[in-house]
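# Architecture at a glance
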Amino acid sequence: MNVLFVEDEAKIANFVRAGLKEQGFVVDYCDNGDDGYLRALDNEYDAIVLDIMMPGKDGLSILKLLRRQGRNAPVILLTARNELDDRLQGLNLGADDYIAKPFFVEELAARIHAVVRRSVSDRQNLLCVGPIKLDRITREVTCNHQAIELTSREFNLLEYLMRSPGRVFTRTQILEHVWGYDFNPNTNVVDVCIQRIRKMQNY
């Protein structure tokens, strides 16, 4: 499991890195927020652990920027502060968990496993192909982070296509899976919906 760990206190950083590595994690480490933010943008991590107070960008700023960029890797905030307002602010910005110093590495490892498990479950309901994202639970579609309005049938068609990106489907296959076996095979409804979906690329 690949984890990005951003913490400026060397003693804590060395302790946590050693503990996580002993438990099988691959730990990528940065000691300041600016480098940590760039590392999070350039790489795919299973989870990110962010200290809130550190040089450069603070943890809350990094979290906010990552979520704006559409980066959904689970984030655990790590801080010496334990006030309710800090916890609420972090969670409202999209943090998946929050742990206050001092802590046991075993607890941090358990929390990482927990947020990753939840993230994997969420990703099963989120389809992403290029700039297009489709949420099967909320039935929301975005392209380049802009919301797209689709009819129920258009949504079902897009979901069907996104489940197998790059695969070529026949008209009959699409009609059977999206409209049903008894639908008129001579209709041009498939062409109309496909054209509508293709226009999403202009957003």
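For clarity, every value in this text was computed on a predicted model and none was experimentally measured. (Residues numbered from 1 in each chain as written. Predicted model: local features only at pLDDT ≥ 70, side-chain atom pairs only at ≥ 80, totals over all residues. Heavy atoms only, no water.)

## Overview of the nonpolar core
Membership of the largest hydrophobic core comes to 22 residues, with the highest contact counts inside it found for Val141, Leu157, Leu158, Ile174, Trp179 and Met200. Within the residue set of this core, elements represented by two or more residues are β7 (132-135), β8 (140-143), α6 (152-162), α7 (171-179) and α8 (189-198). Here this core takes five residues from α6, the largest share from any one element. By size, the runner-up hydrophobic cluster in this structure holds 21 residues, among which are Phe5, Ala13, Leu78 and Ile99. (Core = buried A, V, L, I, M, F, W, Y, C linked by side-chain atoms within 4.5 Å. Buried < 20%, exposed > 50% of the residue type's maximum accessible area, 1.4 Å probe, protein only. Helix = DSSP H or I, 4+ residues; strand = E, 2+ residues; numbered from the N terminus.)

## As for the packing of aromatic side chains
Applying the stated criterion across every chain yields a total of two aromatic pairs. Their ring planes at 40 degrees and their centres at 6.0 Å tell us that Phe5 and Tyr29 sit as a pair that is tilted. Of this pair, Phe5 sits in strand β1 (residues 2-6) while Tyr29 sits in strand β2 (residues 26-30), and the two are 24 residues apart along the sequence. Ring geometry for Tyr160 against Phe169: centres 4.6 Å apart, planes inclined by 40 degrees, an arrangement best described as tilted. Here Tyr160 matches Phe169 in class, with each residue buried. (Phe/Tyr/Trp six-rings, centres within 6.5 Å; stacked < 30°, edge-to-face > 60°.)

## Remarks on the side chain of Asp97
Residue position: Asp97 is located in strand β5 (residues 97-100). Setting aside residues no more than four positions away along its own chain, Asp97 makes contact with Val75, Ile76, Leu77, Leu91, Arg111 and Val115. (Contact = heavy atoms within 4.5 Å.)

## Examining the sheet that holds β2
In spatial order, the strands read β2-β1-β3-β4-β5; together these five strands make up an open sheet with parallel pairing. At either end of the open sheet lies a strand with only one pairing partner, and these are β2 and β5. Each neighbouring strand pair of the sheet contributes to a mean axis angle of 20 degrees, computed without reference to strand direction. Sheet topology note: the strand β4 (residues 75-79)/β5 ladder contains four bridges and is parallel. From the neighbouring strand, Leu77 faces β5, where its bridge partner is Tyr98. (Pairing = 2+ DSSP bridges. Axes fitted to C-alpha atoms, helices over the stretch in contact; angles between N-to-C directions.)

## Examining the confidence of the model for the chain
Residues at a pLDDT of 70 or more form 92% of the chain, whose mean pLDDT is 86. Within the chain, strand β3 (residues 47-51) carries the highest mean pLDDT (95), whereas α7 carries the lowest (77). (pLDDT = per-residue confidence, 0-100.)

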